[in-house]
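Report on the structure
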Amino acid sequence: MLIVDIDEAAAITTVQAITEAGGEASIFIADVAKESGCKALVEAAIDRYGKLDILMNSVGIGGPGATPDVTEDAWNRVLDVDLKSMVFISKYAIPEMIRNGGGSIINVASVDGIRAAMTKNIPYAAAKGGMIAATRAMAVHHGRENIRVNCIAPGMIYTSMVEAVDDRRRQLRRNIAPLGTEGRAEDIAMAAIFLASEESRWITGILLPVDAGLMAAGPQSLINNILDDYDYV
Ligand SMILES: NC(=O)c1ccc[n+]([C@@H]2O[C@H](COP(=O)([O-])OP(=O)(O)OC[C@H]3O[C@@H](n4cnc5c(N)ncnc54)[C@H](O)[C@@H]3O)[C@@H](O)[C@H]2O)c1
């Protein structure tokens, strides 16, 4: 497995976690916001492993701001890192998958691409919504080549992306969903393993929320969850 990151320390942490779980992985440093980085990482995967059959587009950065506050630089960076990367990595990965008889692409969007988030984040919302739309189009374009393309929409997961949030917000993120437990990176990984596996061979073009039920909840139930008041009568 090839772990790609712009940050070597983050890549090492990921590889350590994989090794401790009994897996094997190597590191490739690239900026996936650039087409050259996307091309290079696919070439590295072929060089090291001889084929590319599973691609997980999980790189993402936040993009804060309501519309009047959005700067052109922030917009371009978030759209490049979060959305352009999945298209341009796939651009080089798909021909390799075709050569190999097929493959599975798993895109990691967000519930923020489905509904407005707790924070104002127009660039992030636009990028994640774009990922969901591009997933469906790619699934349709490449079905006959036996390439499946699916999208996971994580809910409020506790990872390094959000470890700066204070305890109050961390608790709110946990309580708001029906299950009321904190999401971990492993919850997303388990869904991705299924979408990568032969067990999901007849599934393509789907949007799979992995969110403790957040997208199922209506306004009243969200309020009840926040208030810890489950009297629905
Ligand atoms: N954590 C959450 O609550 C949450 C919720 C919904 C969706 N997501 C999505 O899940 C995915 C993973 O998020 P996470 O919480 O693990 O974030 P994270 O910050 O822990 O991991 C993202 C990784 O992407 C790398 N990266 C950033 N820019 C890059 C670039 N230009 N080129 C290469 N690598 C780059 C970072 O170095 C980092 O290691 C993201 O797409 C994120 O939008 C996360």
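Definitions and limits used
Residues numbered from 1 in each chain as written. Predicted model: local features only at pLDDT ≥ 70, side-chain atom pairs only at ≥ 80, totals over all residues. Heavy atoms only, no water. Helix = DSSP H or I, 4+ residues; strand = E, 2+ residues; numbered from the N terminus. Rg over C-alpha atoms; globule rule 2.2 N^0.38 Å. Buried < 20%, exposed > 50% of the residue type's maximum accessible area, 1.4 Å probe, protein only. Areas by Shrake-Rupley, 256 points an atom, 1.4 Å probe, with all protein chains shown as cover. Lys, Arg positive; Asp, Glu negative; His and termini not counted. Charge placed at Lys NZ, Arg CZ, Asp CG, Glu CD. Salt bridge = Lys/Arg side-chain N within 4 Å of Asp/Glu carboxyl O. Expected span 1.5 Å × (residues − 1). Arc of directions from axis to C-beta. Contact = heavy atoms within 4.5 Å. Core = buried A, V, L, I, M, F, W, Y, C linked by side-chain atoms within 4.5 Å.

1. What to know about the overall build of the protein
Helix and strand content of the protein: seven helices and six strands. Overall, the protein shows an N-to-C arrangement of helices and strands of β-α-β-α-β-α-β-α-β-α-α-β-α. Here the C-alpha radius of gyration of the protein, 18 Å, is about what a compact globule of 233 residues would show, namely 17 Å. Seen along its three principal axes, the alpha-carbon backbone of the protein occupies a region of about 60 × 40 × 35 Å. Considering the protein as a whole, with its 233 residues, one finds that 40% of them fall into the buried category. Here the protein displays about 12,800 Å² of accessible surface, and carbon together with sulfur accounts for 57% of that area. Positive and negative side-chain charges of the protein, numbering 21 and 30 respectively, have mean locations separated by a distance of 5 Å.

2. With respect to the pattern of salt bridges
For the structure on display, the rule yields seven salt bridges. Residues D31 and R77 are paired through a salt bridge, measuring 3.7 Å at the closest nitrogen-oxygen approach. Highlighted residues: D31 in the loop between β2 (26-29) and α2 (35-49) and R77 in helix α3 (residues 72-99), separated in sequence by 46 residues. Accessibility expressed as a relative area gives 37% for R77, which makes it partly exposed. Between E35 and K91 there is a salt bridge whose closest N-O contact spans 2.8 Å. Residue E35 is located in helix α2, and its partner K91 is located in helix α3; the two are separated by 56 residues in the primary sequence. Overall, the relative accessible area of 28% leaves E35 in the partly exposed class. For K91, a relative accessible area of 42% corresponds to the partly exposed category.

3. Regarding helix α6 (residues 185-196)
Here α6 is 12 residues long and its end C-alpha atoms lie 16 Å apart, about the 16 Å a rise of 1.5 Å per residue gives. Along α6, the residues that are buried comprise I188, A191, A192 and L195. The arc that holds the buried residues of α6, viewed along the axis, is 100°, so those residues lie on one side. Turned more than 90 degrees away from the buried face of α6, the exposed residues are M190 and I193. Those residues of α6 that are buried are in contact with β3 (54-57), β4 (103-108), β5 (147-154) and β6 (207-210).

4. Description of the nonpolar core
Formed by 31 residues in total, the largest nonpolar core has its most connected members in V4, F28, L41, L52, L55, I89 and I105. Setting aside anything within four residues of it in sequence, one finds L52 in contact with V42, A45, I46, A93, E96, M97 and N100. I152, I188, A191 and L195 belong to the second-largest nonpolar core, a separate cluster that totals eight residues.

5. Regarding unusual backbone geometry
In the Ramachandran plot, N146 falls in the positive-phi region, its phi being about 60° despite a non-glycine side chain. Relative to the elements of secondary structure, N146 occurs in the loop between α4 (122-142) and β5. Given the relative accessible area of 48%, N146 is considered partly exposed. Of note in the backbone geometry, A212 takes a positive phi value of approximately 55° without being a glycine. With respect to the element layout, A212 can be found in the loop between β6 and α7 (219-227).

Purely geometric stuff here, so don't read any function into it on its own.
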